[in-house]
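# Descriptive analysis of the structure
Residues per chain are reported as follows:
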Amino acid sequence: MAYRFTAPKAAAFALACAALAGGAGMPARADAAQAVELVMVEQPGCTWCARWNDEIGPIWPRTAAGDFAPLRRAQLRDMPGEMALERRVTFTPTFLIIGKEGKELGRLEGYPGEDFFWPLIERLLVDTAGFAPQDGATN
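The model shown is predicted, which means the values in this text are computed figures rather than measured ones. (Residues numbered from 1 in each chain as written. Predicted model: local features only at pLDDT ≥ 70, side-chain atom pairs only at ≥ 80, totals over all residues. Heavy atoms only, no water.)

## Details of the overall build of the chain
In terms of regular secondary structure, the chain is built from 4 helices and 4 strands. Listing each helix as α and each strand as β along the chain from the N terminus yields α-β-α-α-β-β-β-α. Classification of the 139 residues of the chain by burial places 38% in the buried group. When contacts within the chain are restricted to residue pairs at least 6 apart in sequence, long-range pairs at least 24 apart make up 57% of them. A total accessible area of about 7900 Å² is found for the chain, and carbon and sulfur atoms account for 56% of it. (Helix = DSSP H or I, 4+ residues; strand = E, 2+ residues; numbered from the N terminus. Buried < 20%, exposed > 50% of the residue type's maximum accessible area, 1.4 Å probe, protein only. Contact = heavy atoms within 4.5 Å. Areas by Shrake-Rupley, 256 points an atom, 1.4 Å probe, with all protein chains shown as cover.)

The structure is reproduced here in structure tokens:
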């Protein structure tokens, strides 16, 4: 039986290797001029939100993408007023890439499961916010 090396496990492995190497090669957090955040819009009872919280939530802050775009949570029925959104959020979870002035740069609606989430969110960060994955694997 083959071992399944999923994105979260690969990210954890890369972080462990970088820690052993003294942090060498780890991407720096976006500086203040390029600061972005990932806003997860959720609501109570959202099954897919709970699934994301179980599968991705614990690893997100320890990944290059999570370092580049720290997570902030927002409730669907109580959205922060400082965000300039392209359109109203209607689905949960919705992941918004928010730029330094509160402007929406991109969004991912729904949670497609951990195997699809990583390439989709990294591609969105690359295309909208200038994220540069360390391994260059995002196409």
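## A few points about the nonpolar core
By size, the foremost hydrophobic cluster in this structure holds 23 residues, and its most contacted members are Trp52, Trp60, Phe95, Phe117, Ile121 and Leu125. Broken down by secondary-structure element, the contributors of at least two residues to this core are β1 (37-42), α2 (47-55), α3 (64-68), β3 (94-98) and α4 (114-129). Top contributing element to this core by residue count: α4, with 6 residues. In contact with Leu125, not counting residues within four places along its chain, are Trp60, Ala65, Phe68, Ala69, Ile97, Gly130 and Phe131. (Core = buried A, V, L, I, M, F, W, Y, C linked by side-chain atoms within 4.5 Å.)

## A few points about the side chain of Thr94
Positionally, Thr94 belongs in strand β3. Among the residues examined, Thr94 registers a relative accessible area of 0% and is labelled buried. In terms of polar contacts, Thr94 uses its side chain to reach the backbone carbonyl oxygen of Phe91, at 2.5 Å. Discounting residues that sit within four places of it in the chain, Thr94 has contacts with Val39, Met40, Val41, Val89, Arg107, Leu108, Glu109 and Gly110. (Polar contact = N/O pair within 3.5 Å; in protein donor to acceptor, adjacent residues only side chain to side chain.)

## Notes on the pattern of salt bridges
The full count for this structure, using the stated rule, is 8 salt bridges. A salt bridge links Arg51 to Glu55, with the shortest nitrogen-to-oxygen separation between them at 3.0 Å. Of the two residues, Arg51 and Glu55 both sit in helix α2, 4 residues apart, roughly one turn of that helix. We note a salt bridge from Arg123 to Asp127, for which the minimum N-O separation is 2.9 Å. Placement of the pair is Arg123 and Asp127 together in helix α4, with a separation of 4 residues, close to one helical turn. On the basis of relative accessible area, Arg123 is assigned to the partly exposed category, the value being 23%. It is possible to trace a salt-bridge network through shared partners that takes in Arg87, Glu104, Arg107 and Glu109. (Salt bridge = Lys/Arg side-chain N within 4 Å of Asp/Glu carboxyl O.)

## A word on the environment of Pro61
Among the secondary structure elements, Pro61 is positioned in the loop between α2 and α3. With relative accessibility at 56%, the residue Pro61 sits in the exposed group. Between the alpha carbons of Pro61 and Leu71 there is a distance of 7.4 Å; along the sequence they are 10 residues apart.

## Examining the state of the cysteines
This model, assessed by the stated rule, comprises 1 disulfide. Here Cys46 connects covalently by a disulfide to Cys49, the sulfurs 2.4 Å from one another. Here the disulfide of Cys46 and Cys49 is right-handed, its torsion about the S-S bond being about 80 degrees. The same class applies to Cys46 as to Cys49, namely buried. (Disulfide = S-S within 2.5 Å.)

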